[in-house]
Amino acid sequence: MSDDFEDTVNEIREYVQYQIDSGLRYALAPVVSDRLSPGRLDEIREQIGDCRRCKLSGSRTNIVFGEGDPDSRLMFIGEGPGRDEDIEGRPFVGRAGQLLTKMIAAMGLDRSRVYIANIVKCRPPKNRDPEDDEVIECIQFLDAQIAAIQPSVIVTLGRVAVKALLGFQAPMGKIRGQFYDRNGIPVMPTFHPSFLLRQGPNDRKYKGMAWEDLKQVMSLLNLPLGRGGE
Ligand code: SF4
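The following refers to the structure shown. (Residues numbered from 1 in each chain as written. Predicted model: local features only at pLDDT ≥ 70, side-chain atom pairs only at ≥ 80, totals over all residues. Heavy atoms only, no water.)

**Observations concerning the overall build of the chain**
- Assigned secondary structure in the chain consists of nine helices and six strands.
- Out of the 230 residues in the chain, the part that is buried amounts to 49%.
- A fraction of 72% describes how many contacts in the chain between residues 6 or more apart in sequence connect residues 24 or more apart.
- Carbon and sulfur atoms provide 48% of the accessible area of the chain, an area that totals close to 11700 Å². (Helix = DSSP H or I, 4+ residues; strand = E, 2+ residues; numbered from the N terminus. Buried < 20%, exposed > 50% of the residue type's maximum accessible area, 1.4 Å probe, protein only. Contact = heavy atoms within 4.5 Å. Areas by Shrake-Rupley, 256 points an atom, 1.4 Å probe, with all protein chains shown as cover.)

This is the structure we're talking about:
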């Protein structure tokens, strides 16, 4: 066995062991690491085609690819399309999407200046969590999008996105508020906007925590602080 091959095998073994130690129940899809040229997002969309690679294809209306600035330094990644997104074929367009748009505006940005996508591109029935086999099939496309965009920072929205991108499961209250690494890109986990909308009397408390997370992201991006969240 050549030294190169042995090194590669050892790296893969360490990577898989790291994921097992992190509590992951499945191995993450390989990450596309090449720097992709502008326009590559169109090619990724073409590769997805009328995708039937997982069972979510059976109940979807539209594939929700993602949208925004292909040169953005900031990506938001949620778990999957809901009813409104499935109908429109666009991410975060329902009530949760309206709140996300407000959160982005509070950062001093227009929604069109960031890129928004999900872990899976087809709506899970009754808005259930995507299942492991569905994530394994679909995340290759998100990884290709991340490689094409090369954001400076990713904000994950909710625990499903954390599990799929970072490989561990924990209550959001315990893991939010600090950056993690995903192949050299800082990742800030925060609450999903639909969770924030469900909090009733606690909503200011949780929105305040989400705003603290976003302020750290603004700081990393050198965006001016001093604007307020809700
Ligand atoms: S969720 Fe992803 S992998 Fe599954 S059918 Fe839709 S696009 Fe294909």
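**Overview of the packing of aromatic side chains**
- Tallied over the entire structure, the rule returns four aromatic pairs.
- Centroid distance Phe191 to Phe195: 5.1 Å. Interplanar angle 15°. Geometry classified as stacked.
- Judged by centre distance (5.3 Å) and plane angle (90°), the rings of Phe191 and Tyr206 are edge-to-face. On the criterion of sequence distance, the pair formed by Phe191 in the loop between strand 6 (185-190) and helix 8 (193-197) and Tyr206 in helix 9 (residues 203-220) is long-range, its members being 15 residues apart.
- Accessibility expressed as a relative area gives 18% for Tyr206, which makes it buried.
- Each residue in the set Phe191, Phe195 and Tyr206 is aromatic and connected to the rest through ring pairs, giving one cluster. (Phe/Tyr/Trp six-rings, centres within 6.5 Å; stacked < 30°, edge-to-face > 60°.)

**Some words on the pairing of strand 3 (residues 115-118)**
- Because side chains alternate across strand 3, one face comprises the buried residues Tyr115 and Ala117, and the other comprises Ile116 and Asn118, equally buried.
- Bridge count between strand 1 (residues 67-68) and strand 3: two bridges; the pairing is antiparallel. Directly across from Gly68, in strand 3, lies its bridge partner Tyr115.
- In this structure, strand 2 (residues 74-78) lies alongside strand 3, joined through four bridges in parallel fashion. Residue pairing across strands places Gly78 opposite Asn118, the latter belonging to strand 3. (Pairing = 2+ DSSP bridges.)

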